[in-house]
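# Secondary and tertiary structure notes
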Amino acid sequence: MAQLNRRHLLQGTAVLGAGLALRPDMSAAMRVADDLAPRQRILFDHDWKFAFGHAFDIARDFGFGGFQSTFAKQGLSGVTAAEADYDDSTWRAVDLPHDWAVELPFVNNDTYSLPAPDKRREYEEDEAAAHGYKPVGRKFPETSVGWYRKVLKLEKGDELKRLTLEFGGVFRNSTVFLNGYILNQHESGYTPFEVDISNFINTDDKPNILLVRVDASLGEGWFYEGAGIYRHVWLVKTARTYVPQWGTYIKSDISGAVDIETRIVNATDADKTVTLLSTISDGDGKAVGRLEMPVVLAAQAEATVNQTTKLTEPRLWGLKDPHLYSVRSEIIEAGAVVDVFASTFGVREVVFKVDGFFLNGEAMKIKGTNNHQDHAGVGSAIPDGLQIWRLQQLKEMGSNAYRASHNPATSELLEACDRLGILVLDETRLMTSTPEGLGQLETLIRRGRNHPSIILWSIGNEEPQQGTPRGAKIARDMVRLVKRLDPTRKVTAAMNNGQGYGITASLDVLGVNYYVTRLGPVREKYPNLPVVGTETASTLTTRGEYERSESKLYVPAYDVTAPKWGHTAENWWPLYNATPNLLGGFVWTGFDYRGEPTPFNWWPSVTSHFGIMDLCGFPKDNFWYYQAWWSDKPVLHLFPHWNWESGKDVAVWVHSNCEAVELFVNGKSVGRKDVVKDLHLEWTVPYQPGKITAYGYKGGKVVMKAERKTAGAPARVVLTSERVQDIVMLKAEVFDKDGVAVPKADNLIFFDVEGPAEVIGVGNGNPTSHEPDKALYRKTFNGLAQAIVQMKRGGSGTVTITARSEGLASSKVTLKV
Ligand code: GAL
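Computed from a prediction, not measured in an experiment: that's the story for all the values here.

### Notes on the overall build of the protein chain
Helix and strand content of the protein chain: 10 helices and 47 strands. Here the C-alpha radius of gyration of the protein chain, 27 Å, is about what a compact globule of 817 residues would show, namely 28 Å. Split into buried and exposed, the 817 residues of the protein chain put 61% on the buried side. Surface accessibility of the protein chain: about 31,000 Å² in total, with carbon and sulfur atoms responsible for 51%. Considering the protein chain, the positive charge centre built from 91 side chains and the negative charge centre built from 98 side chains are found 3 Å apart.

### Notes on the pairing of strand 15 (residues 248–252)
With five bridges connecting them, strand 15 and strand 16 (residues 257–266) associate as antiparallel partners. Pairing of Ile250 across the sheet is with Ile260, part of strand 16.

### Side note on the site of the ligand
Near the ligand, the surroundings consist of Trp222, His406, Asn461, Glu462, Asn513, Tyr514, Glu535, Ser538, Trp565, Trp588, Glu596 and Phe610. A distance of 2.6 Å is found between an oxygen atom of the ligand and a side-chain nitrogen or oxygen belonging to Ser538. Separating an oxygen atom of the ligand from a side-chain N or O atom of Trp565 is a distance of 2.8 Å. Contact with the protein chains hides 91% of the accessible area of the ligand, taken as 310 Å² for the molecule alone. Of the residues contributing to the shell around the ligand, the split by class is five nonpolar, four polar and three charged.

### What about the sheet that holds strand 31 (residues 531–537)?
Read around the barrel, eight strands follow the order 25-26-27-28-29-30-31-32 and close on themselves; strand pairing throughout is parallel. The mean inter-strand angle of the sheet, taken between neighbouring strand axes irrespective of direction, is 25°. Where strand 31 lies against strand 32 (residues 584–588), three bridges are found, and the strand directions are parallel. Within strand 32, the position partnered with Ala537 by the bridge is Trp588.

### A look at the confidence of the model for the protein chain
As a note on interpretation, predicted positions should not be read in detail where pLDDT is low. Considering every residue of the protein chain, the mean pLDDT works out to 94; 94% of them sit at 70 or more. The secondary-structure element of the protein chain with the lowest mean pLDDT is strand 1 (residues 15–16), recorded at 30, while helix 10 (residues 622–630) shows the highest, at 99. Every residue in residues 1–33 scores below 50 in pLDDT, and together they form 71 contacts with partners more than four places removed in sequence or on other chains.

### Topic: the side chain of Gln245
Following the sequence through the fold, Gln245 ends up in the loop between strand 14 (241–242) and strand 15. Once you skip the residues sitting within four places of it in the chain, Gln245 turns out to touch Glu166, Glu194 and Arg263.

### Concerning helix 9 (residues 569–578)
Within helix 9, the full set of buried residues consists of Ala569, Glu570, Trp572, Trp573, Pro574 and Tyr576. On its buried face, helix 9 is in contact with strand 25 (366–371), strand 30 (509–513), strand 31, strand 32 and helix 10.

### Notes on unusual backbone geometry
Omega for the bond connecting Ala37 with Pro38 falls within 30 degrees of zero, at 10°, which places this linkage in the cis form. In this structure, Pro38 sits in the loop between helix 2 (28–32) and strand 2 (40–43). A cis geometry characterises the amide bond from Phe171 onward to Arg172, with omega recorded as -15°. Mapping Arg172 onto the fold places it in the loop between strand 7 (170–171) and strand 8 (174–178). Phi is positive for Trp246, close to 50°, though the residue is something other than glycine. Relative to the elements of secondary structure, Trp246 occurs in the loop between strand 14 and strand 15. Although it is not a glycine, Asn360 adopts a positive phi angle of roughly 50°. Relative to the assigned elements, Asn360 resides in the loop between strand 23 (356–359) and strand 24 (362–363).

### Remarks on the pattern of salt bridges
Evaluation of the coordinates by the stated rule reveals 46 salt bridges. In this structure, the salt-bridge partner of Arg41 is Glu166, at a minimum N-O distance of 3.0 Å. Here Arg41 is found in strand 2, whereas its partner Glu166 is found in strand 6 (residues 162–167), with 125 residues between them in sequence. Here Arg290 ties to Glu292 by a salt bridge, and the two come within 3.2 Å at their closest N and O atoms. Summarising the burial analysis for this pair, Arg290 and Glu292 share the class exposed. Taken together, the salt bridges that share partners define one network made up of Glu155, Asp158, Lys161 and Lys237.

### Focus: the environment of Phe193
Note on placement: Phe193 falls in strand 10 (residues 193–196). Sequence-wise, Phe193 and Gly169 are 24 residues apart; in three dimensions their C-alpha atoms are separated by 7.6 Å. Apart from the residues within four sequence positions on either side, Phe193 is in contact with Leu165, Glu166, Phe167, Val170, Ser174, Val176, Asn184 and His186.

### Notes on the UniProt feature "domain: Glycoside hydrolase family" (unreviewed entry) in the protein chain
Per the UniProt record, "domain: Glycoside hydrolase family" (unreviewed entry) is found at residues 724–814. End C-alpha atoms of residues 724–814 are separated by 15 Å, and the span's content is 0% helix alongside 51% strand.

### Concerning helix 10
Summarising burial for helix 10: nine of the nine residues are buried, a large majority. Those residues of helix 10 that fall on the buried side of the exposure criterion are Asn622, Phe623, Trp624, Tyr625, Tyr626, Gln627, Ala628, Trp629 and Trp630.

### Focus: the nonpolar core
Residues Ile459, Leu510 and Tyr626 are the most contacted members of the largest nonpolar core, which totals 88 residues. If near-sequence neighbours (up to four positions away) are discounted, Tyr626 is found in contact with Met397, Ala537, Ala569, Trp572, Val587, Ile612 and Ser631. The next biggest cluster of nonpolar side chains, apart from the first, holds 50 residues, and it includes Val170, Phe171, Leu178 and Trp602.

### A short note on the sheet that holds strand 20 (residues 325–333)
In space, the four strands of this open sheet follow the order 18-17-20-21, with antiparallel pairing throughout. Each of the sheet's edge strands pairs with one partner strand only, and the pair in question is strand 18 (287–297) and strand 21 (336–345). Direction aside, neighbouring strands of the sheet carry axes that sit 20° apart on average. Summarising the sheet, strand 17 (residues 272–281) and strand 18 pair through 10 bridges and their orientation is antiparallel. Looking across to strand 18, one finds that Leu276 is bridged to Met293.

Parameters at a glance
Residues numbered from 1 in each chain as written. Predicted model: local features only at pLDDT ≥ 70, side-chain atom pairs only at ≥ 80, totals over all residues. Heavy atoms only, no water. Helix = DSSP H or I, 4+ residues; strand = E, 2+ residues; numbered from the N terminus. Rg over C-alpha atoms; globule rule 2.2 N^0.38 Å. Buried < 20%, exposed > 50% of the residue type's maximum accessible area, 1.4 Å probe, protein only. Areas by Shrake-Rupley, 256 points an atom, 1.4 Å probe, with all protein chains shown as cover. Lys, Arg positive; Asp, Glu negative; His and termini not counted. Charge placed at Lys NZ, Arg CZ, Asp CG, Glu CD. Pairing = 2+ DSSP bridges. Near = heavy atom within 4 Å. Polar contact = N/O pair within 3.5 Å; in protein donor to acceptor, adjacent residues only side chain to side chain. Nonpolar A, V, L, I, M, F, W, Y, C, P; charged D, E, K, R; others polar. Axes fitted to C-alpha atoms, helices over the stretch in contact; angles between N-to-C directions. pLDDT = per-residue confidence, 0-100. Contact = heavy atoms within 4.5 Å. Salt bridge = Lys/Arg side-chain N within 4 Å of Asp/Glu carboxyl O. UniProt positions renumbered as here; feature names shortened; annotations may be inferred. Core = buried A, V, L, I, M, F, W, Y, C linked by side-chain atoms within 4.5 Å.

Right under this line is the structure:
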């Protein structure tokens, strides 16, 4: 945004969001599941206590593992914090989702000493840099083990129920204790899991002490992964005859045929006959199908029930109209409803052919991005509202697909993609056929298979065994499992080598990372195998920078830099767009993320430069390249800023989908150029203060105008906000006295909050900034800073957020809660 306009000023003071006051805990699943009585699904995110343990010092790890007796006697783990009378008053109060890694200072723990600049291994990754220089891992025993403690309040009658805790995601290696009993150990930092606590609750007046030990000493990826309980936790109470977690599997096709498979568990000692009533409703809540069936349940056994029906003229799920049906599954016993389970599904047809991808019969290119789960201010603990906001930015850019790299996406992200109309490639973390690997894969599929957004399962990414006979064996076992659990979807894997060999034989769709030149053997041996670019681009840009700086470690935001395996946007998209047997691709990446600061893989670089947007989701200039060629919006984006040394030759670029663009410097034309599809326009202009103006033409007429003016000194900060659920995304932008954005502004901004809300994180997208993410202040980086505000639970009234900075006029946003 180059210029301060009226809209900015209005936004700065307007009362926003009154009509958007959704319940803070209201995820998509909850809206469907609002009335699940007698089942209760209670959000368990609040009132936790947190303390660091220690990775090898038993005394500092609350006795965990002392005298090797942890498992000797059940309920006597020797862990002091598990005791009811343990005093946790020195522990810190936290709410979930929580990522403790993002709260820690950056620490330079490079594994090699920095070579001279000319000897630096530009594209070689240093392990510490790869993970974003946070003190988590084997070298940091004091800050790699975290303990969470909470008193679990139960109600009368709960002892008769089945009680489970659903964990959405814990990084990683977690141990769950209840009342001293170790009930679960879960290695994966990415798969959700459930813990049955029914037998271990205190039925007298004693408090129930829940404790979770989380050990992030080992990583699973080569990128920042966070640490802690970074997703929601739910307490679920059901009768002992119930539908288990992810207990329905709904298959449908565009003829309207629907097949609902429902698992029912009878965890009582009596044989019984129940009725399964499945009611299908459309997106408006109107019942469109009612299926009733008696089910005979043996004592302590599970039954799988299939019900089929046909919807007349089904309303399809698509990118523009992501229509969802819901299914309410009721178990009725002796006339009474004993359990209710809610699911959603969408009716759509996904077809991959060698020369085309089709959604509901419509041919389209996959215009996707890869993303890690990481944002400024909050790390991997992304609130649902922010999750949605990030997807909205991608959609705004014209992207239609999201690859969860390189791990299962969180459930809330899948729900949001279902509702926003975004295609998903969901990926398992481990490419292995070990019980652990297959277990993670099974969770990925069972959890995800009702989501219409998911179009492909990926069994792995760039694994060393990808092109080998061993890889082939592993892939066969993995794909066999996927097909058993979900015969409706195709399977892929992301290969950067060995394409045509090894695992290729098991894939329905070949995922190619970067090296389209290596597709020869695939085309020859598997001429009908569809190919998708699971990773493309890896273009390197720093927001607001237009020159490479070896001292500041920045790359220009022009579309000119890529690592040796990657491409600029213009080097991959035009090729994919023009080649029918490349079905589209996923850009590496939509957003910058912590770690992998290529091409400067050394301190003080802490975040990547790969994003089309920075770590805050502020667009870099390539955002408009993609928007011009991916979306149907009119685009005319002119850059760079207009503050240079006099006389300097400046490359002026335009991303536009107009037919022609004419550029003016201080009112004088420097030429009109025709736009060539999928490419930018460029002029070289000697700098003189004033302004540059671009006019976009269609049918010979000017239809758009963009301008950049030389900015003066910073004079004011302007705060604008966007609200999603209980989250408010605030942008602080620095302008001069005439309302021109100051391109290099690095003013320190303070965010003051009045009312029932709090700042949960700040950022500015600077890849070398070591400022804290958890703070009430932040410097702007190239004119911008972000604060993420969360409304307080149960709060009401007015929230006022002021951005102030010394010497600048301040700005306010007021919101109704
Ligand atoms: C790929 C890898 C990604 C990321 C990317 C950077 O090889 O799969 O995780 O590291 O390179 O370009």
